[in-house]
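# Report on the structure
As a plain string of letters, each chain reads:
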Amino acid sequence: MSKIAMIFAGQGSQAVGMGKDFYENSEVAREMFAKAGERIGVDFKELIFEENEKLGQTAYTQPAILLVQMIAYKLFTDACPDVKAELFLGHSLGEFSALCASGAIDYVDAVELVHNRGAYMQKACDTVEAGMMVLVGLDDASVEKVCADAQADGKKVWPANYNQDGQLVVAGMKSDLVSLEQTFKDAGAKRAILLDMSVASHCEILAPAQAPLAELMERMVSDNFSAPIISNVTTAPYSTKADAVALLKKQLVEPVKYKQSILAVAGDLDMAIEFGNGITLKGLNRRIAKELTTLNISDMASLEKVKEEICS
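Quick summary incoming for the structure in this document. (Residues numbered from 1 in each chain as written. Predicted model: local features only at pLDDT ≥ 70, side-chain atom pairs only at ≥ 80, totals over all residues. Heavy atoms only, no water.)

## Re the packing of helix α5 (residues 94-102) against helix α11 (residues 241-251)
With their axes 11 Å apart at the nearest point, α5 and α11 run at an angle of 165° to one another. Of the possible angle classes, the one that applies to α5 and α11 is roughly antiparallel. Seen along the crossing, α5 lies across α11 with a hand that is left-handed. Across the interface between the two elements, Glu95, Phe96 and Leu99 of α5 pack against Ala244, Leu248 and Gln251 of α11. When grouped by side-chain class, the residues that make up the contact of α5 with α11 number four nonpolar, one polar and one charged. (Axes fitted to C-alpha atoms, helices over the stretch in contact; angles between N-to-C directions. Helix = DSSP H or I, 4+ residues; strand = E, 2+ residues; numbered from the N terminus. Parallel < 35°, antiparallel > 145°, perpendicular 65-115°, else oblique. Left-handed = near helix turned anticlockwise from the far one by under 90°. Contact = heavy atoms within 4.5 Å. Nonpolar A, V, L, I, M, F, W, Y, C, P; charged D, E, K, R; others polar.)

Given below as structure tokens:
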């Protein structure tokens, strides 16, 4: 049996119309839309299928992404019940989808959990001008040095997402990020692009969100893990409720080590399957570990393709 990682992207992978093919062709998908919507009082059809401002607001972006990912995962596991995950892995928000796919939390509870996570994150940033910036063409050590030097000068900026070699996202106060744009370029960055975001993920600005998130997780998460999850914070596997709560609490203020996580597990895997909209992680994996085959399931056609490839 192949050793497969089931993987899930994070915020930024959303798009209007994602999951619509599942919704139109699967009663299971329609039921999942309805139950998730009832839980948090949201019309997910309207939120995801129609142009609107809410899909870009983190409290709604997060449950929308997770719901579509869980539908893709559910349809796959229904079609291929004998294919089991060696491990689960997510990027930022995607680690909550990994937690759900592992069986440690029900998808409806998970929708409520990340809806609240997004609200906690936004509240933590409401009184400050927070932001994030993607850096292209600069090595990790150089980014870390610029951030450390800036912190020594009283600026609030931190490495947030280690995506691949030459692509690292930093987070912090928007004014501080803007002030460092030329510094990053002088250090060797080919581009320094301020992202259209109102929150600063994976840095100390989100510390106020930690306690309420952990409290909610204590009520919702169980020890029912079908396979380990790779932590964004440590790059090591975990499979207990206690670790899930502690690590996902810490994930709010610590960088996502996605690149390091893939490098840590790629040699032990035969392939990875990305669930949900787009091919964000498939693209990253191709550049991080070329030997790791990554498939993706984002609609009924890609589901059929994966079924034919590995389920027969």
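There's plenty left to go through after this.
## Re the nonpolar core
Most often, soluble globular proteins keep nonpolar side chains buried together rather than apart. If you look at the biggest cluster of nonpolar residues, it comprises 90 residues, and the most contacted ones within it are Met6, Phe44, Phe76, Phe88, Leu99 and Met217. The leading source of residues in this core is helix α4 (residues 58-79), at 13 residues. Beyond its immediate chain neighbours, meaning those up to four positions away, Leu99 contacts Ala104, Ile105, Met217, Val221, Phe225, Ile229, Tyr238, Ala244 and Leu248. If you look at the next biggest cluster of nonpolar residues, it comprises 18 residues, including Leu89, Ile230, Tyr258 and Leu281. (Core = buried A, V, L, I, M, F, W, Y, C linked by side-chain atoms within 4.5 Å. Buried < 20%, exposed > 50% of the residue type's maximum accessible area, 1.4 Å probe, protein only.)

## A word on the sheet that holds strand β10 (residues 293-297)
The strands making up a sheet are joined through hydrogen bonds of the backbone, oriented either antiparallel or parallel. Taken in spatial order, the six strands of this open sheet run β8-β7-β2-β1-β9-β10, and their pairing is mixed. Single-partner strands in this sheet number two, and they are β8 (237-238) and β10. Across five bridges, the pairing between strand β9 (residues 271-275) and β10 is parallel. Within β10, the position partnered with Met271 by the bridge is Thr293. In the packing of α5 onto the sheet, contacts are made with β1 (4-8), β2 (85-90), β7 (229-230) and β8, and the angle to β2 comes to roughly 150°. (Pairing = 2+ DSSP bridges.)

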